Amino acid sequence: MGIIRRQGIKTTLVSYIGVIVGTAAVLFVYPLNDAFYGYAQWLYTLSYLLIPLASGGVLSLVIKYFPSFNDSQSENFNGFISLITIWLLGFYAIFLIFWFLFKPLFIQGLNALNLNGALIEQNEIVILLLVFLSIFVALFSNQSYNRLRVTVPTIITQLGFKIFLPLLILITLYYKLPQSYVAWGMIGFFFIANILLIIYLKFIGGLKFGKIKKPQDFVGYKEMAKFSFYGSMNQLSSSLAQKIDSIMIPLFLEMAKNGFYSKALFITNVIEMPTRSLTQIASPIISKAWKENDIEELSKVYKKASANLFVIGAFFFLVIWYILDDIIAISSNPAAFPSARIIFLWVASSKLVDMLTSVNSQIIVYSEKYRYNLFFLLFLAGLNIYLNFILIPVHGIVGAAMATAISLFIFNMMKLVFILFQFGLHPFTSSNIKVFTIFIIVLALYFFIPFNFVPLINIIVKCIFLAILYLPIAYFWNISPDINELINNYLKKKK
């Protein structure tokens, strides 16, 4: 457990540094040229979306089946890395064949829908190269996770990109380079990231090629193919549901609009940061509870997760709502944040609902009804695409936020009802009502209490005001016993 704890602490620290770097870039660098930033985000998001198709879902096998191949009798993991690499290259070749066969038809379809199909053609080579490089970045990162090394891949791929992208945009602006340099700069980054990951894997003994052998407890290629298919479909559906807005905006509008939207989305996504950590902790507990058919434990985790996430999410919502105008005011170009508040309101509200319904996806995924999660994801993806297609031409980037919010709300309601009728479980307790009451009161105070200082002082004063008002009420009202216990333990140690 020591290495897990150390890696967890280091990775969390890297993640927070990434948030700081990303926030600085959103406020002071990207507003200098939103078209370049929007273009970079479009390429990055599109390549990420295509990874499940180009890899055939093989990447989902790396963590799932590595323990089976990594037995004590093998010096090269029974050729597991060789097997995965061959499959990835094979699926990518198939992907290229389908790409060139169906590209003309796809472009014609986009043009028929009044979308900018030429944008795909103009960036075809860049897109295909980014997809290829991103596949192997994911492979090497997952293999590093198999060796219980998370921090270095996170620094290279996530923090590295957050540092690299604003520097790339600053360089292109300083030397007055064309937009194409952003694309080729991104390709250069992912190429170097692959090289660094290979060197690191060799250093920790995680990259060993060799003859492919079936391990003793081999489940069979058929079972691996089945898991790969579901992994591919789940990842594709999730990507379509969560990232399709950033892909569709440039097809309807200019790139600068995508830059505007991406910045507002970055600010909004701060709300859901606690969700990732909590779901990682809750997932093995839920899996074990299902294995033991412990419905009482499932209900307990479901309700606790809802209370904890909702109280934290509501607080972050209020903080951003109060200081949003002041943050924009201190940016390098306040005019480059159009409709930021309305975009935040739509998307952040849906994020709060997502946190309120807590670990509903995990409860479905680890149950015998796990296949239904794919159905819900496919429905979410289809609905989000349809709503973006309808709302972006009418409402612009606000329409994209509306589409994301509406589809995510319906998605969570469907899962909520499904879990209630299938398993008799729900996440709601009196704590949710308490949080909602505090949330509405504090939100209403925003419209009555004036804060007439300069933006930087406003940010400090508002954060102190919210902390003094919200946190003690949440603590003394005992909304989250888990959070209260953490606070009490900390106070005892200080004494």
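Each remark here, short or long, concerns the structure printed above.
Residues numbered from 1 in each chain as written. Predicted model: local features only at pLDDT ≥ 70, side-chain atom pairs only at ≥ 80, totals over all residues. Heavy atoms only, no water.

Peer 1: Could you give an account of the nonpolar core, with specific residues and numbers?
Peer 2: Looking at soluble globular proteins, one finds that nonpolar side chains tend to be buried together. With 152 residues, the main nonpolar core has Trp-42, Leu-43, Phe-80, Phe-317 and Tyr-470 as its most contacted residues. With 19 residues, helix α12 (residues 295-329) is the largest single contributor of residues to this core. Apart from residues no more than four positions distant in its own chain, Trp-42 is found in contact with Leu-119, Ile-120, Asn-123, Ile-127, Ser-246, Ile-247, Pro-250, Met-255 and Asn-258. (Core = buried A, V, L, I, M, F, W, Y, C linked by side-chain atoms within 4.5 Å. Buried < 20%, exposed > 50% of the residue type's maximum accessible area, 1.4 Å probe, protein only. Helix = DSSP H or I, 4+ residues; strand = E, 2+ residues; numbered from the N terminus. Contact = heavy atoms within 4.5 Å.)

Peer 1: Any chance you could break down the packing of aromatic side chains for me, citing the residues and the numbers?
Peer 2: By the definition in use, this model includes 34 aromatic pairs. Taken together, Phe-317, Trp-321, Tyr-322, Phe-344, Phe-439, Tyr-446, Phe-447, Phe-451 and Phe-465 form an aromatic cluster joined through their ring pairs. Across from the ring centre of Tyr-48, 5.0 Å away, lies the NZ or CZ of Lys-243, which sits over that ring. Taking NZ or CZ as reference, Arg-341 lies 4.4 Å from the ring centre of Trp-321, over its face. (Phe/Tyr/Trp six-rings, centres within 6.5 Å; stacked < 30°, edge-to-face > 60°. Lys NZ or Arg CZ within 6 Å of the ring centre and 35° of its normal.)

Peer 1: Please give an account of helix α10 (residues 255-268) that cites residues and values.
Peer 2: The terminal C-alpha atoms of α10, which comprises 14 residues, lie 20 Å apart, in line with the 20 Å expected from a rise of 1.5 Å per residue. The buried fraction of α10 is high, at twelve of 14 residues. Within α10, the full set of buried residues consists of Met-255, Ala-256, Asn-258, Gly-259, Phe-260, Tyr-261, Ser-262, Lys-263, Ala-264, Leu-265, Ile-267 and Thr-268. (Expected span 1.5 Å × (residues − 1).)

Peer 1: Kindly report on the environment of Arg-147, identifying the contributing residues and their values.
Peer 2: Residue position: Arg-147 is located in the loop between α6 (124-146) and α7 (151-174). Sequence separation of Arg-147 and Ile-204 is 57 residues, and the distance between their C-alpha atoms is 7.9 Å. Setting aside residues up to four positions removed in sequence, Arg-147 forms contacts with Phe-66, Asn-70, Phe-77, Ile-204, Gly-205 and Gly-206.

Peer 1: Give a description of the packing of helix α4 (residues 80-112) against α6 that names residues and reports values.
Peer 2: As a packed pair, α4 and α6 sit with axes 12 Å apart at the nearest point and diverge in direction by 160 degrees. Taken together, α4 and α6 sit at an angle that is classed as roughly antiparallel. As α4 runs across α6, the sense of the crossing is right-handed. In this structure, α4 uses Ile-81, Ile-84, Thr-85, Leu-88, Leu-89, Tyr-92, Phe-95, Leu-96, Trp-99, Phe-100 and Lys-103 to contact α6, whose residues at the interface are Glu-124, Ile-127, Leu-128, Leu-129, Val-131, Phe-132, Ile-135, Phe-136, Leu-139 and Gln-143. Residues of the contact of α4 with α6, tallied by class, amount to 17 nonpolar, two polar and two charged. (Axes fitted to C-alpha atoms, helices over the stretch in contact; angles between N-to-C directions. Parallel < 35°, antiparallel > 145°, perpendicular 65-115°, else oblique. Left-handed = near helix turned anticlockwise from the far one by under 90°. Nonpolar A, V, L, I, M, F, W, Y, C, P; charged D, E, K, R; others polar.)

Peer 1: How would you sum up the layout of surface pockets? Please name residues and give values.
Peer 2: Reported here for the second largest pocket is a volume of approximately 710 Å³. Among the residues making up the lining of the second largest pocket, the classes are represented as 25 nonpolar, no polar and one charged. (1 Å grid on protein atoms, 1.4 Å probe; cavity = no way out; pocket = protein on both sides within 12 Å on 5 of 7 lines; lining within 4 Å. Points joined across faces, edges and corners; volume = space filled by probe spheres on them.)

Peer 1: Could you give me a rundown of α7, with the residues and numbers involved?
Peer 2: Every α-helix winds through 3.6 residues per turn, so residues three or four apart in the chain are directed the same way. Between its first and last C-alpha, α7 extends 33 Å over 24 residues, near the 34 Å set by a 1.5 Å rise per residue. At Gly-160, α7 shows its largest bend, some 40 degrees. Count one or two residues on from α7 and you reach Lys-176, which has phi positive near 55 degrees. (Bend = angle between axes of the 7 residues up to and from the residue.)

Peer 1: I'd like a description of the pattern of salt bridges, backed by residues and values.
Peer 2: Using the criterion set out here, one finds five salt bridges in the structure. Salt-bridge contacts for Lys-263 lead to Asp-34; the nearest nitrogen and oxygen are separated by 2.6 Å. Of the two residues, Lys-263 sits in helix α10 while Asp-34 sits in helix α2 (residues 34-55), which places them 229 residues apart along the sequence. Each member of the pair Lys-263 and Asp-34 is classed as buried. With a shortest N-O distance of 3.0 Å, Glu-124 and Lys-103 are connected by a salt bridge. Of the two residues, Glu-124 sits in helix α6 while Lys-103 sits in helix α4, which places them 21 residues apart along the sequence. With a relative accessible area of 11%, Glu-124 lands in the buried category. (Salt bridge = Lys/Arg side-chain N within 4 Å of Asp/Glu carboxyl O.)

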